[in-house]
Amino acid sequence: MSEKYHKEVKYSMKHGKKYLDSVKLIDKTRLYDANEAVDLVLKTAKAKFDETVDLSVRLGVDPRHADQQVRGTVILPHGTGKTVRVLVFAKGDKAKEAEAAGAEYVGAEELVAKIQNENWFDYDVVIATPDMMGVVGRLGKVLGPKGLMPNPKAGTVTFDIEKAVKDVKAGKIEYRVDKNSIIHVPIGKVSFGQEKLVENFKTIMDAIIRSKPAAAKGQYLRSVVLSSTMGPGIKVNPQRIV
């Protein structure tokens, strides 16, 4: 049997029929504009659940250098479609403010103990008032690897608890380049439809472009790929975004 046949059989074994049918809709040699790419994401999302639409952006930066870090936050105009569970470390009036703003969990030292002793992670975002960071700092090795550690740059260490909680609930997301120079973020759900997904896409891309470090040389946007949870990746033309 030919080498090509073996490759095709191996590829078919790794992916289901729906995925393979979706791949046929995509021209792998093309770089699509945002509208075309989102349209293809919707056409290739064939799972029985409401798939998340993910964005992966490879940047021309070296994240090993502090002056080439790319990190920030942005509020997506249509949110992510995900119910975000918020944990707030605060005391007194700030704890009441967090509860009134809709935080699911509010507390202080007792929550630190719960996380340490019970390996508790039933939340998606952690916010803390600055005066609580001495306590929260004990959780650095636990929350840090999961991307949950409160950080001033992400707006999750603040005395303006009401705004922080409401922003997160409204669709505020954090983007951060990883060690491979890639940013991975969700931009919504398939059920949003094309118009809302394109608006969310353009909002996050504008934020990433504005975050370009002065030290970054050459092409900043190396590759931009959209995909649904179970669907194939669709390449977006970086030159058509700027």
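Residues numbered from 1 in each chain as written. Predicted model: local features only at pLDDT ≥ 70, side-chain atom pairs only at ≥ 80, totals over all residues. Heavy atoms only, no water.

Looking at an unreviewed UniProt entry, one finds the protein named Large ribosomal subunit protein uL1, with Thermoanaerobacterium xylanolyticum as its source organism. We quote the UniProt Sequence similarities (unreviewed entry) comment for the protein here in full: "Belongs to the universal ribosomal protein uL1 family." A UniProt comment under Subunit (unreviewed entry) is attached to the protein, and it reads "Part of the 50S ribosomal subunit." (UniProt positions renumbered as here; feature names shortened; annotations may be inferred.)

*Asks:* Before we move on, can you summarise the environment of G81 with the specific residues and values?
*Replies:* Position of G81 among the secondary structure elements: in the loop between β2 (71–75) and β3 (86–89). Residue class for G81 comes out partly exposed when judged on its relative accessible area of 48%. Along the backbone, G81 and A170 are 89 residues apart, and their C-alpha atoms lie at a distance of 9.8 Å. Setting aside residues no more than four positions away along its own chain, G81 makes contact with K189 and F192. (Helix = DSSP H or I, 4+ residues; strand = E, 2+ residues; numbered from the N terminus. Buried < 20%, exposed > 50% of the residue type's maximum accessible area, 1.4 Å probe, protein only. Contact = heavy atoms within 4.5 Å.)

*Asks:* Which residues make up the sheet that holds β3, and what values go with them?
*Replies:* Across a sheet, strands are paired by hydrogen bonds formed along the backbone, either parallel or antiparallel in direction. With parallel pairing, three strands are arranged side by side in an open sheet as β4-β3-β5. Both edges of this open sheet fall to β4 (105–107) and β5 (125–128), since each of them pairs with a single strand only. Averaged over all pairs of adjacent strands, the angle between their axes in this sheet comes to 15°, without regard to strand direction. Relative to β4, β3 runs parallel, the two being bridged by three bridges. Each bridged residue has a counterpart across the sheet, and for L87 the counterpart in β4 is Y105. Across the sheet, helix α8 (residues 161–170) lies against β3 and β5, angled at about 170° from β5, the strand it touches most. (Pairing = 2+ DSSP bridges. Axes fitted to C-alpha atoms, helices over the stretch in contact; angles between N-to-C directions.)

*Asks:* I'd like a rundown of the packing of helix α4 (residues 92–101) against α8, residues and numbers included.
*Replies:* Direction vectors running N to C along α4 and α8 enclose 25°, while the axes themselves pass 8 Å from each other. The orientation of α4 with respect to α8, classified from their angle, is roughly parallel. At the point where α4 passes α8, the crossing takes the right-handed sense. Contact residues: α4 offers K94, E97, A98 and A101, while α8 offers I161, E162, V165 and K166. Broken down by class, the residue content of the contact of α4 with α8 amounts to four nonpolar, no polar and four charged. (Parallel < 35°, antiparallel > 145°, perpendicular 65-115°, else oblique. Left-handed = near helix turned anticlockwise from the far one by under 90°. Nonpolar A, V, L, I, M, F, W, Y, C, P; charged D, E, K, R; others polar.)

*Asks:* Quick rundown of the sheet that holds strand β7 (residues 182–189)? Include the residues and the values.
*Replies:* Overall, antiparallel pairing links the four strands, which are arranged β7-β1-β8-β9 in an open sheet. At either margin of the open sheet sits one strand with a lone partner, and together these are β7 and β9 (234–236). Within this sheet the neighbouring strands show an average axis-to-axis angle of 25°, counted without direction. Where strand β1 (residues 52–59) and β7 come together, seven bridges link them in antiparallel fashion. Within the sheet, the bridge partner assigned to R58 lies in β7 and is I182.

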